[in-house]
Amino acid sequence: MDSVNRFFAAWRVARRIIALTFRARLEYRAEFLMNVGIGIVWQVSIIVFATVLLGRFPGMGGWPSDAVLLIAAMRMLSHGLFVLCFGRVYFLSQFVQEGLVDGFLLRPMPVHRQVQLAYFPTNAIGDLLVGVSMFTGAVWSIDLDWTLPRIGYVIAGLLGGMLMEAAIFTALSSLHLRFPAAQAWSIWTEELLATFGNYPLKILPGVISGAFTFLLPLAFIAYFPAAVLTGHTTGLGVPGAVAAAAPLIALAAYVASRYLWNWSLRHYTGVNG
């Protein structure tokens, strides 16, 4: 019973901190709106590129345009959820260089939670506005029978995509605790996800699609869940059961990344070495 009470008490504190950081962002209205606009512009630029590409190549890897749109919509919405819930790990190297992590270690709250509560990500609002709009349009346009199991799976797929992206950047941020300059790897990874995560990996050479499945598990974010939803489960490079289990694999990957992050934190030596 005490552990349950501590859990809810911790979340009450977290909600209060989120409310405070949100109000702090609102103190600077122009910056707040600019950050929201940055999120919108970034996502819209991806939509424009995808629209032009689909107009030129309507059948990408045997996928019709509406199915490809579902991949892009699921990735963008899960990315918006990642930015909202976990995105501060992307900037961990800055926290290390500014000495903030040293202060986090002195407080009676898990360091990872303090990293996530450091500030409110206003750009996530723009990401989510575009992601929700695109996802709504994709669901509306695709010819699928939205039964309860399919609705449940698409929700699981979105949450799994969020967790897989969180797992990738949490694992990368564990390097930031030892090597702050490793943020370049996070920037490069984000560009890869934005460039290749919106399309069927079948259009890529086998070596590259395999790398995006087993080395950088981009395929588990949106490609595999969309393939299961639309029935395009042949030629994925993995058995259909593995593709269907993408949300569970994403959960396992996130748990593993947190263990790696905690291990790196135990070996953290501070900004002065």
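Here the structure is a predicted model, which is why all the values come from computation and not from measurement. (Residues numbered from 1 in each chain as written. Predicted model: local features only at pLDDT ≥ 70, side-chain atom pairs only at ≥ 80, totals over all residues. Heavy atoms only, no water.)

> An account of the confidence of the model for the protein is requested, with residue identities and associated values reported.
Looking at the protein as a whole, the pLDDT averages 90, with 96% of positions reaching at least 70. Here helix α2 (residues 29–56) is the element of the protein with the lowest mean pLDDT, 78, and helix α13 (residues 246–266) is the one with the highest, 97. (pLDDT = per-residue confidence, 0-100. Helix = DSSP H or I, 4+ residues; strand = E, 2+ residues; numbered from the N terminus.)

> Explain the packing of helix α3 (residues 65–86) against helix α11 (residues 223–230) to me, using residue names and the numbers behind them.
Between two packed helices, what matters for the description is the angle formed by their axes and the separation of those axes. The N-to-C vectors of α3 and α11 enclose an angle of 140°; their axes lie 9 Å apart at closest approach. One finds that α3 runs oblique with respect to α11. Along this stretch, α3 crosses α11, giving a crossing that reads as right-handed. Facing Ala67, Leu70, Ile71 and Met74 of α3, the residues of α11 in contact are Tyr223, Pro225, Ala226, Leu229 and Thr230. Each residue belonging to the contact of α3 with α11 can be placed in one class, and the counts come to eight nonpolar, one polar and no charged. (Axes fitted to C-alpha atoms, helices over the stretch in contact; angles between N-to-C directions. Parallel < 35°, antiparallel > 145°, perpendicular 65-115°, else oblique. Left-handed = near helix turned anticlockwise from the far one by under 90°. Contact = heavy atoms within 4.5 Å. Nonpolar A, V, L, I, M, F, W, Y, C, P; charged D, E, K, R; others polar.)

> Explain the environment of Met109 to me, and be specific about the residues and the numbers.
Position of Met109 among the secondary structure elements: in the loop between α5 (100–104) and α6 (111–116). Along the backbone, Met109 and Gly197 are 88 residues apart, and their C-alpha atoms lie at a distance of 35 Å.

> Quick rundown of empty space enclosed by the protein? Include the residues and the values.
What the rule picks out here adds up to one cavity of 30 Å³ or more. Taken as a whole, the largest cavity holds about 30 Å³ of empty space. If you trace the largest cavity, you find it lined by Trp42, Arg75, His79, Glu165, Glu190, Leu193 and Ala194. Listing elements by their share of the lining of the largest cavity, those giving two or more residues are α3 and α9 (183–196). When residues in the lining of the largest cavity are grouped by element, the largest group, three residues, is from α9. Of the residues in the lining of the largest cavity, the class split is three nonpolar, one polar and three charged. (1 Å grid on protein atoms, 1.4 Å probe; cavity = no way out; pocket = protein on both sides within 12 Å on 5 of 7 lines; lining within 4 Å. Points joined across faces, edges and corners; volume = space filled by probe spheres on them.)

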